[in-house]
Amino acid sequence: MAAVPRDAGSGPAAGARFFCTAGRGLEPFVMREVRARLAATQVEYISGKVFFTTCPDLNRLKKLKSAERLFLLIKKQFPFDVSSVSKGRMCNEMQRLISDDPESWLNAISIWKNLLELDAKKEKLSQRDANPLKRNMGENDIIIAKKSKTEIQENRECQLEKQMEEEILEQGNVITEREEVQEEESEKDVAKAVVAHNQGDLTFRVSCRCSGAVAKTFTAQEIGRVIGIALMKQFGWKADLRNPNLEIFIHLNDVYSVVGIPVFRASSLPYLKPQALTTAECL
């Protein structure tokens, strides 16, 4: 039986709250998988989505195979009543998703930052382990060059050999320096999103999906614009539709209102199926 949406702000005492999208009728399979693979607790579902609590461990989260997309949950609450209020009043109600409980947003951002930091560190270690020969080349050449300086000085042939060894050393240093620069750039790209929140220049975009009575009153672009403006006012974030640090996902219908952050980019994992989401044109 599908779970009834909870009030905004309710959450677990430990672990992080996630949800994933699933094909209609596949929710029971996803529920079994999150329990088995992620040791998830507080598992419940509504049509097309499975909610659960688990440790925010990126390696474990990547083991999830039957879900479509995985999100870090920010809000889950009852639907907006659009039948008895004006459109302006509805805009104010939507903005209260942010202004009524900013702490839940900051907590979710903190967990999201930690996931990125751990992923960046593991990626750096894997890059180092993948190229041990290149890293050892420079060290070996330094040893050879030092021996050449002390043992071979007057012999002309040895001088030529020394010159060759110095050239190899220089090439090895160039390779090592280039590799370190590439690793630093890769780490900076991932860490850019991590530190952006602390620097107050985090960029975002809103992806909105709406149906039912809400869709008859608002377009996805209008909802995204309302939410985007509220985020900029509350946290000082900047909208960036092309290459944001952060994506905010919001789904409104006649059954629930859900807000979350995608844990992975849709293109980063091959098993993720594309979603029919409309990117809201935030101001």
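- Where an unreviewed UniProt entry is consulted, the protein appears under the name THUMP domain containing 2, with the organism given as Equus caballus.

### Topic: the overall build of the protein
Piece 1. For the protein, the count of helices and strands is eight helices and nine strands.
Piece 2. Counting contacts in the protein only where the partners sit at least 6 residues apart, residues at least 24 apart contribute 78% of the total.
Piece 3. Accessible surface for the protein amounts to roughly 15,500 Å². Of this, 50% is attributable to carbon and sulfur atoms.

### A closer look at the confidence of the model for the protein
Caution applies to low-pLDDT parts of the model: their predicted coordinates are not meant to be read in detail.
Piece 1. Per-residue confidence for the protein averages 76 on the pLDDT scale, and 60% of its residues sit at or above 70.
Piece 2. Ignoring residues within four places in sequence, the model shows residues 1–13, a span with pLDDT below 50, making 30 contacts including any to other chains.
Piece 3. Below pLDDT 50 for its whole length, residues 186–197 participates in 21 contacts with residues either more than four positions away or in separate chains.

### Quick notes on helix α1 (residues 27–38)
Piece 1. Its twelve residues give α1 an end-to-end C-alpha distance of 16 Å, which sits within 8% of 16 Å, the value for a rise of 1.5 Å per residue.
Piece 2. Of the positions making up α1, those classed as buried are Glu27, Val30, Met31, Glu33, Val34 and Leu38. Down the axis, α1 shows its buried residues gathered within 165 degrees of arc, on one side only.
Piece 3. Its buried side turned inward, α1 meets β1 (16–21), β2 (41–46), β3 (49–54) and α2 (58–61).
Piece 4. A positive backbone phi angle near 50 degrees is found at Ala39, which sits one or two residues after α1.

### Brief notes about the nonpolar core
Piece 1. Ranked by internal contacts, the top residues of the largest apolar core, which has 55 residues, are Phe52, Ile223 and Leu231.
Piece 2. In terms of residue count, the dominant contributor to this core is helix α8 (residues 220–235) (seven residues).
Piece 3. Those residues in contact with Phe52, other than ones at most four positions away along the chain, are Ala16, Arg17, Phe18, Phe19, Cys20, Val34, Leu38, Ala40, Thr41, Gln42, Val43 and Leu70.
Piece 4. Ile46, Phe51, Tyr256 and Val258 belong to the second-largest nonpolar core, a separate cluster that totals eight residues.

### What about the packing of aromatic side chains?
Piece 1. A complete count under the given rule lists eight aromatic pairs for this structure.
Piece 2. Ring geometry for Phe18 versus Phe52: centroids 6.0 Å apart, planes at 20 degrees, classification stacked. Residue Phe18 is found in strand β1, and its partner Phe52 is found in strand β3; the two are separated by 34 residues along the sequence.
Piece 3. Of the residues examined, Phe18 reaches a relative accessible area of 0% and is grouped as buried.
Piece 4. When its relative accessible area of 0% is taken as the criterion, Phe52 is described as buried.
Piece 5. Members of the aromatic cluster, each reached through a chain of ring pairs, are Phe19, Phe51, Phe71 and Phe249.
Piece 6. Taking the ring centre of Phe51 as reference, the NZ or CZ of Lys76 above it sits at 4.7 Å.
Piece 7. When the ring centre of Phe218 is taken as reference, the NZ or CZ atom of Lys87 above it lies at 5.3 Å.

### Considering the packing of helix α3 (residues 87–99) against α8
Piece 1. The contact between α3 and α8 brings their axes to 9 Å, and the two run at 45 degrees. Classed by the angle they form, the pair α3 and α8 counts as oblique. Crossing hand, α3 versus α8: right-handed. Touching Lys87, Cys91, Met94, Gln95, Leu97, Ile98 and Ser99 of α3 are Glu222, Ile223, Val226, Ile227, Ala230, Leu231, Gln234 and Phe235, all from α8.
Piece 2. Partitioned by chemical class, the residues of the contact of α3 with α8 number ten nonpolar, three polar and two charged.

### As for the pattern of salt bridges
Oppositely charged side chains can pair when the atoms bearing their charge come close.
Piece 1. Tallied over the entire structure, the rule returns nine salt bridges.
Piece 2. Between Glu33 and Arg37 there is a salt bridge, and its shortest N-O distance comes to 2.8 Å. With a gap of four residues between them, Glu33 and Arg37 both fall in helix α1, about one helical turn apart.
Piece 3. Glu44 is the salt-bridge partner of Lys76, the closest N and O atoms lying 3.2 Å from each other.

Definitions and cut-offs
- Starting afresh in each chain, residues are numbered from 1 along the sequence in its written order.
- Owing to the predicted nature of the model, reporting of local features is limited to residues with pLDDT of at least 70; listing and counting of side-chain atom pairs is limited to 80 or more, with chain, interface and lining totals taken over all residues.
- Hydrogens and water are ignored here; the side-chain numbers use all heavy atoms of the structure.
- Only DSSP runs of H or I reaching four residues or more are called helices, and only runs of E reaching two or more are called strands; each is numbered from the N terminus.
- Contact criterion: two residues are considered in contact whenever any of their non-hydrogen atoms come within 4.5 Å of each other.
- Computed by Shrake-Rupley with a 1.4 Å probe, the accessible areas treat only the displayed protein chains as cover when residues are assessed.
- A residue's pLDDT is the predictor's confidence in that residue, given on a scale from 0 to 100.
- Expected helix span is taken as 1.5 Å per residue step, with the number of steps being one fewer than the number of residues.
- Each residue's exposure class comes from its accessible area (1.4 Å probe, protein chains only) as a fraction of the maximum for that residue type: buried when under 20%, exposed when over 50%, partly exposed otherwise.
- The arc in question is traced by the directions running from the helix axis to the C-beta atoms.
- Here the nonpolar core consists of buried residues drawn from Ala, Val, Leu, Ile, Met, Phe, Trp, Tyr and Cys, with membership extended through side-chain atoms lying within 4.5 Å.
- Aromatic pairing here means that ring centres of Phe, Tyr or Trp (its six-membered ring) are within 6.5 Å. Orientation follows from the plane angle: under 30 degrees is stacked, over 60 is edge-to-face, and everything else is tilted.
- Two conditions define a charge sitting above a ring: the NZ of Lys or the CZ of Arg must be within 6 Å of the ring centre, and it must be within 35 degrees of the ring normal.
- Axis definition: a line fitted to C-alpha atoms, limited for helices to the stretch in contact. Angles are taken between N-to-C directions and run from 0 to 180 degrees.
- Our angle categories are set so that under 35 degrees counts as roughly parallel, over 145 as roughly antiparallel, 65 to 115 as roughly perpendicular, and the remainder as oblique.
- Left-handed describes a crossing whose near helix is turned anticlockwise from the far helix by less than a right angle; the clockwise case is right-handed.
- Under the scheme applied, nonpolar residues are Ala, Val, Leu, Ile, Met, Phe, Trp, Tyr, Cys and Pro; charged residues are Asp, Glu, Lys and Arg; polar residues are all the others, including Gly.
- Salt bridges, as used here, are contacts in which a Lys or Arg side-chain nitrogen is within 4 Å of a carboxyl oxygen on Asp or Glu.

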